[in-house]
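Take a look at the letters that make up each chain.
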Amino acid sequence: MPGAAPNAVAQMLGLLGDEWTLLIVQQALLGSTRYGEFAAGLPVSHAVLTNRLQTMAAEGLLTRREYQIKPARSEYLLTPQGRSLWPVLTSIWHWERTWVPDHRPPLPAMCHLDCGAEFAPAVTCRSCGAPAGADDRGERVVAQWGPSGSWQRSIPAATNRRRSAGRRVDAASLFPETMSVIGDRWAFALLVAAFVGVGRFTDFQSQLGAPPGTIADRLALFCGEDVLANTGGRYALTAKGRGFFPILVCALSWAQRWFPAPEGAAVILTHRACGREFSPALVCDRCGARLRGAQIRPV
Ligand SMILES: [Zn+2]
Ligand SMILES: [Zn+2]
């Protein structure tokens, strides 16, 4: 049934819902290309690393190139699609550093090479340049479904390859709370619903079409992580929850760029300040310049 085909959001969650995939992209952005470099940079088993490099090449995030024939040796280079994930990784890094205090060892700060400062990424509107991160009122950007959008089409099938290819216990948990959002299809959908103003248990349930136990589990998880707070039966994003906005819009923007549907966008975002279609651009909070992936390094 073409009307129910997975849209850009579902395809994005299918790919990025795997922590190893994100960590391999991150290593590649920092310059790793060879198997031994990835293995040295990540606490990953050979079986999992081999599996991920192969699937990421098949899915178009990496391209494999033989650099030696006898014996055969390959390297893995980011494709434009893989390379353009840097805003998502940068936003995840910043959110985990800011809101998840129990990283062991702590995540390092990031340096913007253009200005030399330790910085935080700030999300702005690509059209008008004004800030777009959710503030206390949380409504600088309005979201509505586009022609390929619906909850049904945005939630990847449960039988995704990432679920059979690697158990979650394998993961490095460098981004533990991010993965509890984007590594779980219902959790992600629920958080998006919270961003567009859904607040009551019955509304989450009816909009997402998920079993009540599934909704209750995810709401309890988010309250436990202080992403949502329950006040008088209504769930609302906390400051930490609103801080997830850059990850959400960067991931969405990436998805819609690389997985366009013939009938149109899955989600249409509008920047209230300028009234134009919203697309995120990350800037350095110290020097104000537009960030580029190659100009960001851990300190
Ligand atoms: Zn704008
Ligand atoms: Zn800067």
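What counts as what
Residues numbered from 1 in each chain as written. Chains lettered and ligands numbered in written order. Predicted model: local features only at pLDDT ≥ 70, side-chain atom pairs only at ≥ 80, totals over all residues. Heavy atoms only, no water. Helix = DSSP H or I, 4+ residues; strand = E, 2+ residues; numbered from the N terminus. Rg over C-alpha atoms; globule rule 2.2 N^0.38 Å. Buried < 20%, exposed > 50% of the residue type's maximum accessible area, 1.4 Å probe, protein only. Contact = heavy atoms within 4.5 Å. Areas by Shrake-Rupley, 256 points an atom, 1.4 Å probe, with all protein chains shown as cover. Lys, Arg positive; Asp, Glu negative; His and termini not counted. Charge placed at Lys NZ, Arg CZ, Asp CG, Glu CD. Donors = N, O, S within 2.8 Å, 3.2 Å for Na, K, Ca; no water. Tetrahedral: all angles 85-135°; square planar, octahedral: opposite > 155°, others 65-115°. 1 Å grid on protein atoms, 1.4 Å probe; cavity = no way out; pocket = protein on both sides within 12 Å on 5 of 7 lines; lining within 4 Å. Points joined across faces, edges and corners; volume = space filled by probe spheres on them. Pairing = 2+ DSSP bridges. Axes fitted to C-alpha atoms, helices over the stretch in contact; angles between N-to-C directions. pLDDT = per-residue confidence, 0-100. Phe/Tyr/Trp six-rings, centres within 6.5 Å; stacked < 30°, edge-to-face > 60°. Lys NZ or Arg CZ within 6 Å of the ring centre and 35° of its normal.

- Looking at an unreviewed UniProt entry, the chain carries the name HxlR family transcriptional regulator, with the source organism given as Mycolicibacterium duvalii.

Overview of the overall build of the chain
1) Next: Helix and strand counts for the chain come out as 14 helices and 11 strands.
2) Next: For 299 residues, the compact-globule estimate of 2.2 N^0.38 gives 19 Å, and the C-alpha radius of gyration of the chain, at 19 Å, lies within 12% of that figure.
3) Next: Overall, the C-alpha framework of the chain stretches about 65 × 45 × 40 Å when taken along its three principal axes.
4) Next: Here the chain holds 299 residues, and 49% of them are scored as buried.
5) Next: Look at the contacts in the chain between residues 6 or more apart in sequence, and 69% of them connect residues 24 or more apart.
6) Next: If you sum the accessible surface of the chain, you get close to 13,800 Å²; carbon and sulfur atoms cover 53% of it.
7) Next: Of note, the chain has its 31 positive side-chain charges centred 5 Å away from the centre of its 23 negative side-chain charges.

A closer look at the coordination of the zinc ion (ligand 1)
In an ideal octahedron of six donors the angles at the metal are 90 or 180 degrees, and in an ideal tetrahedron of four donors they are 109.5 degrees.
1) Next: For the zinc ion (ligand 1), the full set of protein donor atoms is Cys-125 (SG), Cys-128 (SG), His-271 (ND1) and Cys-274 (SG), at a range of 2.1 to 2.3 Å.
2) Next: Because the angles between the 4 donor atoms bound to the zinc ion (ligand 1) fall within 100 to 118 degrees, the donor set is best described as tetrahedral.
3) Next: Mapping the donors of the zinc ion (ligand 1) onto the primary sequence gives the spacing C-x2-C-x142-H-x2-C.

Considerations on the environment of Val-192
1) Next: Tracing the chain through its elements places Val-192 in helix H10 (residues 185-195).
2) Next: Considered as a pair, Val-192 and Leu-248 are 56 residues apart in the sequence and their alpha carbons are 8.0 Å apart.
3) Next: Contacts of Val-192, omitting those with residues within four sequence positions, involve Trp-151 and Leu-248.

What to know about the layout of surface pockets
With a probe scaled to a water molecule rolled over the atoms, the places where space remains empty come into view.
1) Next: Quantified by volume, the second largest pocket comes out at close to 370 Å³.
2) Next: Forming the walls of the second largest pocket are 21 residues, and the residues nearest its centre are Gln-26, Leu-30, Trp-93, Met-110 and Pro-298.
3) Next: Every element with two or more residues in the lining of the second largest pocket is listed here: helix H2 (19-29), helix H6 (86-99) and strand S11 (296-298).

Considering the sheet that holds strand S3 (residues 110-112)
1) Next: Ordered by their spatial adjacency, 3 strands build an open sheet running S4-S3-S11, and the pairing between neighbours is antiparallel. One side of each edge strand has no neighbouring strand; the edge strands of this open sheet are strand S4 (117-119) and S11. The mean angle between the axes of side-by-side strands here comes to 45 degrees, regardless of whether they run parallel or antiparallel.
2) Next: Direction of pairing for S3 relative to S11: antiparallel, over a ladder of 3 bridges. From the neighbouring strand, Cys-111 faces S11, where its bridge partner is Arg-297.

Some details on the confidence of the model for the chain
1) Next: Of all residues in the chain, 92% attain a pLDDT of 70 or more, and the chain-wide mean is 89.
2) Next: Between residues 159-170, whose pLDDT stays under 50, and residues either more than four places distant or in other chains, the model counts 24 contacts.

Side note on the pairing of strand S1 (residues 62-68)
1) Next: Across 6 bridges, S1 lies against strand S2 (residues 73-78) in antiparallel orientation. By the bridge assignment for S2, Arg-65 is matched with Glu-75.
2) Next: Hairpin connection from S1 to S2: 4 residues lie between these consecutive antiparallel strands.

Thoughts on the packing of aromatic side chains
Ring pairs (aromatic) are described by centroid distance and by the angle formed between their planes.
1) Next: This structure, assessed with the given rule, holds 7 aromatic pairs.
2) Next: Ring centres 5.0 Å apart and planes at 90 degrees place the aromatic pair Trp-145 and Trp-151 in the edge-to-face group.
3) Next: Consider the rings of Phe-245 and Phe-278, whose centres lie 6.4 Å apart with planes at 35 degrees: the pair is tilted. In this pair, Phe-245 is assigned in helix H14 (residues 245-258) and Phe-278 in the loop between strand S9 (267-271) and strand S10 (280-284), connecting sequence segments 33 residues apart. Note on accessibility: Phe-245 and Phe-278 belong to one class, buried.
4) Next: In textbook terms, an aromatic cluster arises when at least three aromatic residues are bridged by ring pairs, as seen for Phe-195, Phe-245 and Phe-278.
5) Next: A cation over a ring is seen here: Arg-34 above Tyr-67, with NZ or CZ 3.7 Å from the ring centre.

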